[in-house]
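Examining the three-dimensional arrangement
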Amino acid sequence: MWGFLKRPVVVTADINLSLVALTGMGLLSRLWRLTYPRAVVFDEVYYGQYISFYMKQIFFLDDSGPPFGHMVLALGGYLGGFDGNFLWNRIGAEYSSNVPVWSLRLLPALAGALSVPMAYQIVLELHFSHCAAMGAALLMLIENALITQSRLMLLESVLIFFNLLAVLSYLKFFNCQKHSPFSLSWWFWLTLTGVACSCAVGIKYMGVFTYVLVLGVAAVHAWHLIGDQTLSNVGADVQCCMRPACMGQMRMSQGVLGEKTAILNVLEAGRPGQPRLLASAGLCVLSLARPSSGFAGHPGRPVLTVLLRPLDSSLPLWAPRPNHVQCLPGQLRGRTSSDHPGSATGGGLRVPGHSEERLWETCALLASFPPGHLPHDVRYENGRGSSHQQQVTCYPFKDVNNWWIVKDPRRHQLVVSSPPRPVRHGDMVQLVHGMTTRSLNTHDVAAPLSPHSQEVSCYIDYNISMPAQNLWRLEIVNRGSDTDVWKSILSEVRFVHVNTSAVLKLSGAHLPDWGYRQLEIVGEKLSRGYHGSTVWNVEEHRYGASQEQRERERELHSPAQVDVTRNLSFMARFSELQWRMLALRSDDSEHKYSSSPLEWVTLDTNIAYWLHPRTSAQIHLLGNIVIWVSGSLALAIYALLSLWYLLRRRRNVHDLPQDAWLRWVLAGALCAGGWAVNYLPFFLMEKTLFLYHYLPALTFQILLLPVVLQHISDHLCRSQLQRSVFSALVVAWYSSACHVSNTLRPLTYGDKSLSPHELKALRWKDSWDILIRKH
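This structure is a prediction, so every number in the text was calculated from the model and none was measured. (Residues numbered from 1 in each chain as written. Predicted model: local features only at pLDDT ≥ 70, side-chain atom pairs only at ≥ 80, totals over all residues. Heavy atoms only, no water.)

Some thoughts on the overall build of the chain
Across its full length, the chain holds 22 helices and 17 strands. Buried residues in the chain amount to 52% of all 775 residues. Here the contacts in the chain between residues at least 6 apart in sequence split such that 76% fall between residues at least 24 apart. For the chain, the accessible surface area stands at approximately 35900 Å², while carbon and sulfur atoms represent 60% of it. (Helix = DSSP H or I, 4+ residues; strand = E, 2+ residues; numbered from the N terminus. Buried < 20%, exposed > 50% of the residue type's maximum accessible area, 1.4 Å probe, protein only. Contact = heavy atoms within 4.5 Å. Areas by Shrake-Rupley, 256 points an atom, 1.4 Å probe, with all protein chains shown as cover.)

Things to note about the packing of helix 19 (residues 695-716) against helix 20 (residues 720-743)
Direction vectors running N to C along helix 19 and helix 20 enclose 160 degrees, while the axes themselves pass 9 Å from each other. Here helix 20 runs roughly antiparallel to helix 19, going by the angle between their axes. Between helix 19 and helix 20 the crossing geometry is right-handed. On helix 20, the residues that touch Leu705, Leu709, Ile712, Ser713, Asp714 and Leu716 of helix 19 are Gln722, Arg723, Phe726, Val730 and Trp733. Class assignment of the residues belonging to the contact of helix 19 with helix 20 gives a composition of seven nonpolar, two polar and two charged. (Axes fitted to C-alpha atoms, helices over the stretch in contact; angles between N-to-C directions. Parallel < 35°, antiparallel > 145°, perpendicular 65-115°, else oblique. Left-handed = near helix turned anticlockwise from the far one by under 90°. Nonpolar A, V, L, I, M, F, W, Y, C, P; charged D, E, K, R; others polar.)

Digging into the confidence of the model for the chain
Confidence in the prediction for the chain averages 77 pLDDT; 68% of positions are at 70 or higher. Mean pLDDT values for the elements of the chain range from 37 in helix 12 (residues 254-269) up to 97 in helix 4 (residues 101-125). For the stretch residues 350-378, pLDDT sits under 50, and the model shows 75 contacts to residues farther than four places along the chain or on other chains. Here residues 559-566 is a poorly scored stretch, pLDDT under 50, and it has 13 contacts once near neighbours within four places are set aside; other chains count. (pLDDT = per-residue confidence, 0-100.)

Some words on the pattern of salt bridges
Summed over all chains, the structure comprises twelve salt bridges. We note a salt bridge from Lys172 to Glu125, for which the minimum N-O separation is 2.9 Å. One end of the pair, Lys172, is in helix 7 (residues 156-179); the other, Glu125, is in helix 4, and 47 residues separate them in sequence. Neither Lys172 nor Glu125 differs from the other in exposure class; each is buried. Salt bridges sharing common partners tie together Arg473, Glu475 and Arg494. (Salt bridge = Lys/Arg side-chain N within 4 Å of Asp/Glu carboxyl O.)

Quick look at the packing of helix 1 (residues 17-31) against helix 5 (residues 130-142)
Orientation of helix 1 relative to helix 5, taken along the N-to-C sense of each, is 10 degrees, at an axis distance of 10 Å. As summarised for this structure, helix 1 and helix 5 are arranged roughly parallel, according to the angle between their axes. Of the residues in helix 5, those in contact with Ser18, Leu22, Met25, Gly26, Ser29 and Arg30 of helix 1 are His130, Met134, Ala137, Leu138, Met140 and Leu141. A per-class count over the contact of helix 1 with helix 5 returns seven nonpolar, four polar and one charged.

Observations regarding the packing of aromatic side chains
Counted by the stated rule, this structure contains 33 aromatic pairs. Ring geometry for Tyr36 against Trp610: centres 5.7 Å apart, planes inclined by 80 degrees, an arrangement best described as edge-to-face. On the criterion of sequence distance, the pair formed by Tyr36 in the loop between helix 1 and helix 2 (44-55) and Trp610 in strand 16 (residues 607-611) is long-range, its members being 574 residues apart. Relative to Phe174, the ring of Tyr170 lies with its centre 6.3 Å away and its plane at 20 degrees, an arrangement referred to as stacked. (Phe/Tyr/Trp six-rings, centres within 6.5 Å; stacked < 30°, edge-to-face > 60°.)

Notes on a nonpolar patch on the surface
A surface patch of nonpolar side chains, amounting to about 460 Å² of accessible area, comprises Leu598, Leu680, Phe683 and Leu684. Within the secondary structure, Leu598 sits in helix 16 (residues 597-601). (Patch = residues over 30% accessible without salt bridge, like charges linked within 9 Å, V, L, I, M, F, W, Y side chains within 5 Å.)

Quick look at the environment of Asp408
When you line up the elements, Asp408 lands in the loop between strand 6 (403-407) and strand 7 (421-422). Assessed through its relative accessible area of 4%, Asp408 is described here as buried. Sequence separation of Asp408 and Val423 is 15 residues, and the distance between their C-alpha atoms is 9.2 Å.

Quick look at the side chain of Glu156
Relative to the elements of secondary structure, Glu156 occurs in helix 7. Side-chain polar atoms of Glu156 contact the side chain of Gln149, separated by 2.9 Å. In this structure Glu156 touches Gln149, Lys204 and Tyr692, once residues within four positions along its chain are discounted. (Polar contact = N/O pair within 3.5 Å; in protein donor to acceptor, adjacent residues only side chain to side chain.)

If you want it as structure tokens, here you go:
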């Protein structure tokens, strides 16, 4: 029993030194001086806001896609002890000492580094040579655009990592199926394939392209599995018919029995493969289950529509919740239906502060001055003056300062009349701020950031020659008739100022520090027709019962809660959140560095990510042009060769052995197919596109490139001399790619200041925007 103690315990391990070396080089290229530059670089200004939201436990809804990618970046901030206190307001802003730059950029860098050895393993799993696998990995290693994107707090490298992991896991699962089905490794790789696909979808919706690719290849393999006659297992009742005593009977019913036997053979053929087919179905279920679980941990529930929010058992209900907005008064929190950078669903109309009186432009510098003691020389930076009224802004989250009272201008009481009178389309109303009882007002004073629009404020009487102009006409945009009643949640309304005909509008501009980076509200004078930023709806509504200010404030701070008996399932809430993100309309305006998909293939564009404030050091998203052009040529060669082989196979001419043909087809399905599904859909998208959207497709092109080169060497070069010459050309080609990578290195890492002459020398295409500082 204890005999094993008499012998030493020996553990043997096969270590692929090439894989170790590639991993080390990948880590070195991505992690070297990772904290440089210690400044906000391009889209870090965008993702950083959401990381701060996570760190501060602030609820938000992002229109760019699922939350899992933001969670990955936030994990880096959590590991680095980030408290979320940093103002992500501009590209190039220096990070403060409390921002753990290395930790925030670590996970994308690791994902980019590990993509190098994964490219090596994918080509090996496709049963191509070690040299081809090394070539794919080294191309991934030196590609400048991939290096740049993975060294910053961005999501493309993480998406590429999970795309490659999904392909690699499926190939290992497929190869295990040949020699060790249903083994522990077989189940492991199947499970990892589903997890990787779901993580790719959870990072960005673009990940669904690779998910569809893997699922399509798996479906084809499953279809071939069903038709594999070597797996057939004919039932005993059919076998009995083959006995001599039954032969005559079988001949008499040959037509009927033959048909039944054929059907049975098909069904029985699938019997040993049924667990494999069920495993493929499980792959689909697992892929869909993982991204939904990511949403369960995302702090996004408070930005769901109120139509579903009362059915969420984890959130309080406001009671009573009448359907019709009543005059005299109702209390509301407006929420615009427009969207803009940095806001969840547009934001609630808000008077900032808690019983504080902050004034336009003076709120930061002169907040301590009480009304009536303000200096008369308050000016904006461009010399314009403010009205000294109470500030009104837009804010994307729930706050007690979002409550407004809908007041009938003919009455002075701030309680609901009995019986309540509903507000209808075309009615005149006043909007009174619930916490300060000041009326929403606009007048012929220019807005702080939109000088062609009117300032919107809450009126304060300073005994100055500026009368209150606080009457608004209600227009129900989605009305069925001109007598429609204003309904909470359902009605989309506009507020038109009676005196000036200006429309209450969210400009989308972020106020400076004195406005706490909140969003500007303006009176739009020339608003014609429908515009999303002028449309509002009542998200929460209840009747006020107290005329006393203190009692009213207590009501607003302490809403009543009632029992929730109608609970939506998690999947119903998950579907609602998905729909909201898909329905959100992001800003589709042209960007200086936006581009079209046609410009990506030939690298006719670039993106200036960062410029040093004092020197000419700069970072660009700029690819290795040798690799990009070669990848496009390899794709064209693969398509032409495949068409040629297919035409000849129709004539029963087989240029390739069957195993080589199957390798060629599988490599094309995954690599060329991966490029197609990650590139062609962008031609159908109506959104602002950038060069980095092409990077997932580029990685599949890079995987295809050494496959085509090996195929040419093995099957098209007829003699040893031709193979030697071709190998020498490949070495020269790869050397030129390394030279280009090293030449573009200053623009990849941004750690070297170049002279204007050197920068001009790097502008190999007129369409490249290389920044040259004028001294």
